[in-house]
Amino acid sequence: MKQPLTHARAVAGLLALAGCIAAVASMTARAATSHVTVDEVVIAHAAPLSPPGDYKVGREFAAVVDLWATTTNAAGGVVGRKVKVVRYDEKGKPELAASVVTRAIRQNRAVLVLGGWNSSVCISSAEVAHRYKVPYMSTGCWTDDLTAKNYPEIFRIGPYNSLTALGFAPFIKAKRWSKVAILAENTDLGKGLANAITRTTKGVTFDVTEYQYDATDLSPQLARIVAGKPNALIVIAGYTPAQFLAITQARELGYTGPIITGWDYPNTPAYWAATHEKGVGVIYPSFTASKYKTTRPGEQFKSLYRKARKKDPTLYEYLIWDSLETWKWAATKAGTTKPSDVVPWMAKANLLGTLGRITFSHKRGTVHFNQWEGQRVYFKQLTAVNQSDENAKVIYVSGR
Amino acid sequence: MELFVQTLVLGLLAGGVYALVAVGLALIFGVLRIATFAHGEMAMIGSYAAFFFADATGANFILAIVAGTAAGGLAGWTMSATLLRSVHRGTVDRPAEYSLIITFALSQLLIASALNGIGAEPRRTEGLWSADLHMGDWVNISGDRIVAFLGAAVMLLVLVALINGTNTGRAWRALSDSRLGAQVVGVDVVRQANLCVAVASALAGAAGALLMPMFTAFPTVGNIVLVKGFIVIVLGGLGSVRGAALGGLLLGIVEVFPSTYVSGDFRDAYGFALMILVLLLFPRGMFGARVREL
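Computed from a predicted model, the values in this text were never measured in an experiment.

### Comments concerning the state of the cysteines
Residues and elements named next belong to chain A.
Next, step 1: A complete count under the given rule lists one disulfide over all chains for this structure.
Next, step 2: Across the disulfide, Cys 122 is cross-linked to Cys 141 (sulfur-sulfur distance 1.6 Å). One disulfide, between Cys 122 and Cys 141, carries an S-S torsion of 55° and so falls in the right-handed class. Of the two residues, Cys 122 is situated in helix H4 (residues 119–132) and Cys 141 in the loop between strand S4 (136–138) and helix H5 (145–148); the sequence distance between them amounts to 19 residues.
Next, step 3: According to the relative accessible area criterion, Cys 122 is buried, its value standing at 0%.

What follows is the structure in structure tokens.
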């Protein structure tokens, strides 16, 4: 006879419940729920912290935001108020991002929303921020659409497709490559940048192949690419495991030509752990180069970061720092953290960032709006196993 | 023609590993009539165990595969002896649903634990044969891919020998035919069920270890394993070990050819499309003896 409830079933049920709670606790919203005092100001960080989002990147970025908050609070906060970070996991899903940004603004009274890695997430988040007229800053979304609507509250200190493609074009020309294969993930980033590169680089035959962004085997696509004998292979990926696979599997399939992939991820220990000797020779575009010094704030950030994390920051970590510093600059100028007062000052930003001076372009009716455009593109090549970014060889510099 | 041969080789090698992943699921379903959603995480555990063992000891990768297999088997035994015990004892009313729910919870717990405990970075060590094999434009393949395929083939043969030539295998076959009948003739159902899940999980662990040098170890690697595994066992026929082996090879071919010649954007979709087609034409799967309710 079946027993409706046995001891074993009860224990198993409790275990399952504990599992669900642990999973949910770690994989969903991490927003602080404690009360915010009048001496505190809340900024929201919405990032992919669990699957299917690129949680590896999200967690790295979260550490930088926390480092900034700790450092800022130790120095007295922003306009005399301590900064409190509320963090939400948007899992790389646009609909979830819209929901958590709404919660951050309405429930947590966030006066700044920082976030976005997937372009579609940024678009949905930006719409919410615009509706509530709260400044939204993105570093990791490359889609031109983010700034195309010219919303006054939406700012980007980071690359975007149109400008980045202009960095690739002269490099490809200088290398005299006439036939280039592009392997792009099927995201806004992959499709957008592939489209921008093919559109802006004239006189070159491109073969664009898309893949599912979280693929674990790219050999079928690469087999066809390799059979076409391209002069170079550009891998466009934001999801790093697949990006690293593309490198190892292209070499496995006998491709010996140049591989160009970005952005900055070859400058991480995970890169060498995944690629080993097959990572040698890879060219990666970057907005920083050690021989071109970072600014004084950049050196200060690098020092803080190294002390806290025992490694060097990647490009986006510099840009996140700059985004937060820009908001702090604007709030200081406005004398308040009230969004309606801070936004006009953000548009007028003029401060020294980690990589150069931070100002925003304001070309109405174009994507070049509230957009930092100070980056140059350094193409670097890794020449030895476990080589760091500092020792990578700069082979070309393009951009403004 | 060169591309065709290269694609065929890639498809067969991928299919061999899919077969290894799926055969554990088929074994559990065939013997115990339950499905486990944590099967992919057994592969993830095997993958990490192989990585940490090889990384820490610098030992030959064969030992790392053994470590991955053992870790998967141990995790499977533990899961079976605790969470699935009431299923094995026949004290739950709906064992199939119960198993799905509780193993799904376990799966999420294991992913979250790996994410928080180990971190999100992909991990990889050198495999047994990390050099690449280049035969002109015809076949270019990594040695690790060949090792994975051969390893999968060996383990499948061992499993077939275990099922057909040992008392344990006879007990499993008896359980598969009739749980009550097996009990009547003296089979210790709980023990054999635990052993069955442990062996199936060990195979998943072995698959994870074999794949790690190529595809890296990361917290959500099990999701892919699980999806492929379910497609394969549906293709081959639920509960059919032979069907899982052949279904794995078929899935490998069906995924790789269109990915090469049509679009790689829909790789997973090709497998699902095939699954729908097979279900329409062969509702019991291509080699399934009978249909079970899930």
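### Structural notes on the interface of chain B and chain A
Next, step 1: Contact residues are listed per partner, giving 45 residues for chain B and 52 residues for chain A.
Next, step 2: Roughly 4100 Å² is buried in total at the junction of chain B and chain A, and carbon and sulfur atoms are behind 57% of that figure.
Next, step 3: A per-residue breakdown of the area chain B buries against chain A is headed by Pro 122, Arg 124 and Asp 265 of chain B, which together make up 14% of the total.
Next, step 4: The tally of links from chain B across to chain A stands at four salt bridges.
Next, step 5: The residue Arg 267 of chain B makes a salt bridge to Asp 217 of chain A at a minimum N-O spacing of 3.4 Å.

### Here's the deal with the confidence of the model for chain A
Residues and elements named next belong to chain A.
Next, step 1: Of all residues in chain A, 89% have pLDDT values of 70 or greater, and the mean over the chain is 86.
Next, step 2: Across chain A, the secondary-structure element scoring lowest on mean pLDDT is helix H1 (residues 7–27), at 52, and the one scoring highest is helix H13 (residues 339–347), at 97.
Next, step 3: Taken as a whole, residues 1–5 scores under 50 in pLDDT and shows seven contacts with residues more than four places along the chain or in a different chain.
Next, step 4: pLDDT under 50 marks residues 23–34. Its contacts with residues more than four places away, or in other chains, come to 29 contacts.

### Things to note about unusual backbone geometry
Residue and element names in this part refer to chain A.
Next, step 1: The residue after Pro 51, namely Pro 52, is reached through a cis peptide bond having omega 5°.
Next, step 2: Residue placement: Pro 52 occurs in the loop between strand S1 (40–47) and helix H2 (55–74).
Next, step 3: Backbone geometry places Arg 109, a non-glycine residue, at a positive phi of 60°.
Next, step 4: In this fold, Arg 109 is placed in the loop between helix H3 (94–106) and strand S3 (112–115).
Next, step 5: Judged by relative accessible area, Arg 109 falls into the exposed class, the value being 61%.
Next, step 6: Even without a glycine there, the phi angle at Lys 229 is positive, about 45°.
Next, step 7: When you line up the elements, Lys 229 lands in the loop between helix H8 (219–227) and strand S8 (232–236).
Next, step 8: Judged by relative accessible area, which is 55%, Lys 229 ranks as exposed.

### Focus: H2 of chain A
All names here are of chain A.
Next, step 1: Its 20 residues place the ends of H2 28 Å apart at the C-alpha level, agreeing with the 28 Å of an ideal helix rising 1.5 Å per residue.
Next, step 2: In terms of burial, H2 is a largely internal element, 14 of the 20 residues being buried.
Next, step 3: Positioned one or two residues after H2, Gly 76 has a phi angle of 110°, which is positive.

Parameters at a glance
- Residues numbered from 1 in each chain as written.
- Chains lettered and ligands numbered in written order.
- Predicted model: local features only at pLDDT ≥ 70, side-chain atom pairs only at ≥ 80, totals over all residues.
- Heavy atoms only, no water.
- Disulfide = S-S within 2.5 Å.
- Helix = DSSP H or I, 4+ residues; strand = E, 2+ residues; numbered from the N terminus.
- Buried < 20%, exposed > 50% of the residue type's maximum accessible area, 1.4 Å probe, protein only.
- Contact = heavy atoms within 4.5 Å.
- Buried area = accessible area lost by both parts, 1.4 Å probe.
- Salt bridge = Lys/Arg side-chain N within 4 Å of Asp/Glu carboxyl O.
- pLDDT = per-residue confidence, 0-100.
- Expected span 1.5 Å × (residues − 1).

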